[in-house]
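Read off the chains here:
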Amino acid sequence: MINSLLERKIEKRPDRVRLQGRILFLTDDPELIKRQLGGEDLPWDAKNPANNPKLRDDISTDEITPAHYCFYFDETLGEIPYLGLKCGAVTPIGRGDVKRGGFVCAVSGKRRGKGSSREQSPYAEMCAGIRVVIAENIERIYKQNCQNLGLLTSTNFSLIDRIRNGEEMALSEFTAGEDEITRQVIEYGGLFPFNVARMQGKVFLPPIRSATESRPMTLAEKIFARHLIQPSKADHVGTAAPESLPRAQSRRPAEQSSAAVGVASVKPGDTGFARADLRFSHEYVTPMAAIFFEHYVGKDAKVNDPASILFFRDHLTFLDEVISEEKKKLGLLDLATQLKLKQQDFARKQGIKLHGELTDRKGSEGICHSIVLESYALPGQLNIGSDSHTPHVGAIGCVAFGIGTTDVFNSWITKDVRVKVPESVRIVIRGKKHPNVTAKDFILKILSLDYVRSGKALAKVMEYSGEAIEELSVDERATMTNMAAEIGGFTGIVAPDKKAVDFLVERRGIDRQKAEAMVSGLYSDPGAQYAHVIELDAAEITPMVATPGDPGNGKYVRELNTPVPVEIAYGGTCTAGKNEDMDMYALVLADALKHGKRVADSVKFYIQFGSQETRDYCVRRGYLDIFHKAGARVIEPSCGACINAGPGVSTRPDQVVISAQNRNFPGRSGPGQMYLASPLTVAASAVAGYIVEYEPSEKRALVGA
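Note that the structure is a prediction, hence the values are computed from the model and not measured.

*Asks:* Mind showing me how you'd approach the overall build of the protein chain here?
*Replies:* Across its full length, the protein chain carries 28 helices and 24 strands. Taking 2.2 N^0.38 as the reference for a compact globule, 705 residues should give roughly 27 Å; the C-alpha atoms of the protein chain span a radius of gyration of 25 Å, in line with that estimate. Along the three orthogonal principal directions, the C-alpha set of the protein chain runs to about 80 × 65 × 50 Å. Carbon and sulfur atoms provide 48% of the accessible area of the protein chain, an area that totals close to 25200 Å².

*Asks:* Please explain the sheet that holds strand β4 (residues 132–134) as it appears in this structure.
*Replies:* Two pairing modes exist for strands in a sheet, parallel and antiparallel, and in both the strands are linked by backbone hydrogen bonds. If you trace the four strands from one edge of the open sheet to the other, you get β2-β3-β4-β5, paired in parallel fashion. Edge positions in the open sheet fall to β2 (22–25) and β5 (152–154), since each of these has one partner strand only. Going across the sheet, the axis of each strand differs from the next one's by a mean of 20 degrees, ignoring polarity. Note: β2 against strand β3 (residues 103–107), four bridges, orientation parallel. For Leu 24, the partnering residue across the bridge sits in β3 and is Ala 106. Against the sheet, helix α2 (residues 30–37) makes contact with β2 and β3, and its axis sits at roughly 160 degrees relative to β2, the strand it touches most.

*Asks:* Quick question: what am I supposed to make of the sheet that holds strand β9 (residues 309–312) here?
*Replies:* Read from one edge to the other, the open sheet built from five strands follows the order β10-β9-β8-β11-β12, with strand pairing classed as parallel. The open sheet has two edge strands, β10 (353–355) and β12 (399–402), and neither has a second partner. Going across the sheet, the axis of each strand differs from the next one's by a mean of 20 degrees, ignoring polarity. Across three bridges, the pairing between strand β8 (residues 278–282) and strand β11 (residues 382–385) is parallel. Bridge pairing in β11 places Phe 280 opposite Gly 385.

*Asks:* Help me understand the pattern of salt bridges in this model?
*Replies:* When charged atoms on two side chains of opposite charge get close, those side chains can pair. For the structure on display, the rule yields 55 salt bridges. The salt bridge involving Asp 270 is made with Lys 267; its shortest N-O contact spans 3.2 Å. Its relative accessible area of 6% is what places Asp 270 among the buried residues. On the accessibility criterion, Lys 267 (29% relative accessible area) is partly exposed. Two residues, Lys 299 and Glu 294, come together in a salt bridge whose shortest N-O distance is 4.0 Å. Several salt bridges converge on common partners, so that one network encompasses Lys 12, Glu 180, Arg 183 and Glu 187.

*Asks:* Help me out: how do you make sense of the packing of aromatic side chains in this one?
*Replies:* One pair of aromatic rings is described through two measures. These are the centre distance and the angle between the planes. Overall, the coordinates contain 22 aromatic pairs when judged by the stated rule. Ring geometry for Phe 292 versus Phe 409: centroids 5.8 Å apart, planes at 75 degrees, classification edge-to-face. Linking Phe 292 in helix α12 (residues 286–296) with Phe 409 in helix α16 (residues 405–414), this pair joins segments that are 117 residues apart in sequence. Members of the aromatic cluster, connected to one another through ring pairs, are Tyr 123, Phe 192, Phe 292, Tyr 296 and Phe 409. Positioned over the ring face of Phe 273 is Arg 198, at 3.6 Å from the centre of the ring. The residue whose ring lies beneath Lys 222 is Tyr 523, and the NZ or CZ to ring-centre distance is 4.0 Å.

*Asks:* Explanation requested: the nonpolar core in the structure shown.
*Replies:* Across soluble globular proteins, you tend to see nonpolar side chains buried next to one another. With 82 residues, the main nonpolar core has Phe 224, Phe 401 and Trp 412 as its most contacted residues. It is helix α10 (residues 191–199) that contributes the most residues to this core, six residues altogether. Counting 42 residues, the second-largest nonpolar core is a separate cluster that includes Met 584, Val 599, Tyr 623 and Phe 627.

*Asks:* Just checking my understanding: could you explain α16 for this structure?
*Replies:* Each α-helix winds once per 3.6 residues, and so residues spaced three or four apart point in a common direction. Among the ten residues that make up α16, ten are buried, leaving the element largely enclosed by the rest of the structure. Residues of α16 that are buried: Thr 405, Thr 406, Asp 407, Val 408, Phe 409, Asn 410, Ser 411, Trp 412, Ile 413 and Thr 414. Immediately downstream of α16, the backbone of Lys 415 shows phi near 65 degrees, a positive value.

*Asks:* Looking at this structure, how should I read unusual backbone geometry?
*Replies:* Glycine aside, the phi torsion of most residues is negative, and most peptide linkages are trans. Phi at Asp 305 is positive, roughly 55 degrees, even though this residue is not glycine. In this structure Asp 305 comes out as partly exposed when scored by relative accessible area, which is 26%. The backbone of Asn 644 sits at a positive phi, close to 65 degrees, despite the residue not being glycine. Checked against the element boundaries, Asn 644 lands in the loop between β22 (633–635) and β23 (656–659). For Asn 644, a relative accessible area of 16% translates into the label buried.

*Asks:* Please explain the side chain of Asp 57 as it appears in this structure.
*Replies:* Looking at the element boundaries, Asp 57 is found in the loop between α2 and α3 (61–64). Only 3.0 Å separates the side chain of Asp 57 from the side chain of Lys 54, close enough to count as a polar contact. In terms of polar contacts, Asp 57 uses its side chain to reach the backbone amide nitrogen of Lys 110, at 2.7 Å. Once residues lying within four places of it in the same chain are set aside, the contact partners of Asp 57 are Gly 109 and Lys 110.

*Asks:* Looking at this structure, how should I read the side chain of Ser 638?
*Replies:* Within the element layout of this structure, Ser 638 appears in the loop between β22 and β23. Among the polar contacts listed, one links the side chain of Ser 638 to the side chain of Thr 317, at a separation of 3.5 Å. Discounting residues that sit within four places of it in the chain, Ser 638 has contacts with Asp 314, His 315, Leu 316, Thr 317, Phe 318, Ile 367, Gln 608 and Phe 609.

*Asks:* Would you take a moment to explain helix α5 (residues 120–127) for this structure?
*Replies:* α5 sits mainly inside the fold: seven of its eight residues count as buried. Buried residues of α5: Gln 120, Ser 121, Pro 122, Tyr 123, Ala 124, Glu 125 and Cys 127, and no others. Gly 129 occupies a position one or two residues after α5 and carries a positive phi of about 105 degrees.

*Asks:* Sorry if this is basic, but what is going on with the packing of helix α26 (residues 612–621) against helix α27 (residues 623–630) here?
*Replies:* When two helices pack together, you describe them by how their axes are tilted relative to each other and by the distance separating the axes. Remark: α26 packs on α27, axes separated minimally by 5 Å, with the N-to-C direction vectors making an angle of 85 degrees. Relative to α27, the element α26 is oriented roughly perpendicular. Along its contact with α26, which presents Tyr 617, Cys 618, Val 619 and Arg 621, the element α27 presents Tyr 623, Leu 624 and Phe 627. When grouped by side-chain class, the residues that make up the contact of α26 with α27 number six nonpolar, no polar and one charged.

*Asks:* Whenever I open this one, the confidence of the model for the protein chain confuses me. Can you help?
*Replies:* Note: predicted coordinates in regions of low pLDDT should not be interpreted at a detailed level. Across the protein chain, the average pLDDT comes to 93, with 94% of residues at or above 70. In the model, residues 236–257 has pLDDT below 50 throughout and makes 47 contacts with residues more than four positions away in sequence or in other chains. Contacts of residues 701–705 to residues separated by more than four positions or lying in other chains number 14 contacts, the stretch itself having pLDDT below 50.

*Asks:* What exactly am I supposed to notice about the environment of Leu 680 here?
*Replies:* By secondary structure assignment, the location of Leu 680 is in helix α28 (residues 679–688). Considered as a pair, Leu 680 and Met 544 are 136 residues apart in the sequence and their alpha carbons are 11 Å apart. Not counting the four nearest positions on each side in its chain, Leu 680 is found in contact with Pro 435, Asn 436, Thr 438, Met 584, Leu 587, Val 588 and Tyr 694.

*Asks:* Please clarify how the pairing of β8 should be interpreted in this entry.
*Replies:* Judged by how many residues are buried, β8 sits mostly within the fold: five of five residues are covered. The two faces of β8 match: Leu 278, Phe 280 and His 282 on one face and Arg 279 and Ser 281 on the other face are all buried. Pairing of β8 with β9, which is carried by four bridges, proceeds in the parallel orientation. Looking at the pairing, His 282 lines up with Phe 312 of β9. Running through α12, the crossover from β8 to the neighbouring parallel element β9 is right-handed.

Calculation rules
Here the residue numbering is sequential within each chain, running from 1 through the sequence in written order. Only residues with pLDDT of 70 or above have their local features reported here, since the model is predicted, and side-chain atom pairs are shown and tallied only from 80 upward, although totals for entire chains, interfaces and linings are computed over all residues. The side-chain values count all of the structure's non-hydrogen atoms but skip hydrogen atoms and water molecules. Secondary structure elements are taken from DSSP: a helix is a run of H or I of four residues or more, a strand is a run of E of two residues or more, and numbering for both begins at the N terminus. Atoms considered for the radius of gyration are the C-alpha atoms alone. The globule rule reads 2.2 Å times the number of residues to the power 0.38. Accessible areas in this description were obtained via Shrake-Rupley with a 1.4 Å probe; residue shielding takes into account the shown protein chains only. Should DSSP find at least two bridges between two strands, the strands are taken to pair. Interaxial angle, 0 to 180 degrees, is taken between N-to-C directions of lines fitted to C-alpha atoms, where a helix line uses only the stretch in contact. Contact definition: two residues touch when any of their heavy atoms are within 4.5 Å. When a carboxyl oxygen of Asp or Glu is within 4 Å of a side-chain nitrogen of Lys or Arg, the pair counts as a salt bridge. Working definition: with a 1.4 Å probe on protein chains only, accessible area under 20% of the residue-type maximum means buried, over 50% means exposed, and in between means partly exposed. Geometry of aromatic contacts follows a simple scheme: Phe, Tyr and Trp rings, the Trp one being its six-membered ring, pair when their centres are within 6.5 Å, and the pair is stacked under 30 degrees between planes, edge-to-face over 60, tilted otherwise. Cation placement over rings: the criterion is NZ of Lys or CZ of Arg within 6 Å of the ring centroid and within 35° of the ring normal. Side-chain atoms within 4.5 Å link the members of a nonpolar core, which is a set of buried Ala, Val, Leu, Ile, Met, Phe, Trp, Tyr and Cys residues. For the purposes of these results, a polar contact is taken to be a pair of N or O atoms within 3.5 Å, where, inside protein, one atom must be able to donate a hydrogen and its partner to accept one; residues adjacent in sequence count only when each atom of the pair is a side-chain atom. Oblique is the label for any angle not under 35 degrees, not over 145, and not in the 65 to 115 range, which are roughly parallel, roughly antiparallel and roughly perpendicular in turn. Residues are sorted three ways: Asp, Glu, Lys and Arg are charged, Ala, Val, Leu, Ile, Met, Phe, Trp, Tyr, Cys and Pro are nonpolar, and all the rest, Gly among them, are polar. Values of pLDDT, ranging from 0 to 100, describe the predictor's confidence in every residue of the model. Note on handedness: a crossover is taken as right-handed if, strands pointing away from the viewer, the path from the first strand over the helix to the second is clockwise.

What follows is the structure, encoded as structure tokens:
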């Protein structure tokens, strides 16, 4: 495998670019989009932006490629882009419209590509003819996926007229402001050709300038420093063009390299490759990555260190229960089955551990993030996964972040991942929280802040601290780190302390002395530098909801002007299917039963475990009996409703759902109106029949108070 890559011919793309085709402006006004699809080119006034139509902000990858269509992993995706894009209540783009329209560029507003790490989104755009995307700011994973595939990105709106005029532009227009490695990834047309050139010693890997400097570091910076690979001299001899280096100086393949792992110090902006302790993917991504691997590397090629790779069957286990007849007729259920089979086959062939489906009943062993926290991740590690919620394990002091398909299959070759050390934002929550306030309320409050909603937190580490955070359990801290993904952050992390040690001892069976040694030194230094500091008082935060459309639409429950009746309540997913989440559902329902109440007749309440370990915990605690008596339906582990693939999804646009999951983007979990809330609020609302704060019954009855 390595020899074939060393001999492969790799060339850079031309240094001049001419993009010939139309520009699609993704506007708030659906009629303007329909007119463009009909052949009209909208005017764009670069000198007077106020004259231009309002562009859609916050376009999620769920809207670019709705979940069910991600079962495709070939060029059929070219018929799909923007199929889920909502402008008000309208979805103006139909299947194949973009491809037929001859568009070469797509333009939108703030926070393009937020949400899932699915690389199917930029791949679908490319297959439809899009060659460049322009937006005010672009989410990290989506942007990196674009770069990895060779799709150009820019935040420079002055390029619009030049593209429309068919002008030839320097490729440097699209590499300006990028770090040295990203620039070369773009120049080589993607991550894989760049990595082959890297193996052949043709690329320039910049030295980590701060490696020999002593400086106070944040917790995340310390972990990056431990994992960054220090380039050998052959990688960065002088400033000579990489192609001019003699063959004798070419670096050996990554897995054979003697280059040291770990440097003394890093600072934000340092770029390089970081050695991953753990790499994982699920059935949504593994098959596409496996096909890329077999196509570009070889059908008989072997992955690097399969023992540190994990696969999961956790997303689509219950899909058959909710997928529509229309989608079945399109063959999407059959395609989903092929995803499962392809992952199984590749895992068996490569000797990779697969946490799969149960053999005695319907369901999965668990959601990837839940199992990685419960069984694998360790403080101080660097973990990568094919899911934007990979930061989940930051709860015990890991740097963990989501990657796309191309990054996944490249990591199978090199065991490392391209990184640019991010800036950190310190989020301090002081004081003592109210008893009915949870980590979910904290994160919904953070998501509602202007700093986050404007995109200023994009690609930064969210470091949570303060007395209120220290009081949270590891399960609750995982809610905070998990939903760094909704912030658009690089990752979320909490400094590991005695609670993290207790978690490792009690939940993982690790020797206490070993656990204490693991967390030693894992804290931010006094004097460490932060891009921004957010300070909140826990006492000022009361139960929150995020109103439909975006997790950033946060408001206090008590600010809802009129009662909001709900038809579906859902508690589960990686964010809210943990042991302590189950404690909350059980607390509310036991309280209701004590006072002769149960789930309202007008509500269907679903509770779904994040893992079999959590299910076993519920069995030991007697929660299944409480859930059953109160009228909740219990579901075996799976991502399920969170990705429109299991019980708990809405089926009508007017249907109101209250959910403890992490996202409520348009169409993500069905066509209904989804409110996000904490497990306590979700369970209390299921009993009341409308959205309500939970208060213990001795303070206030759940219904009719």
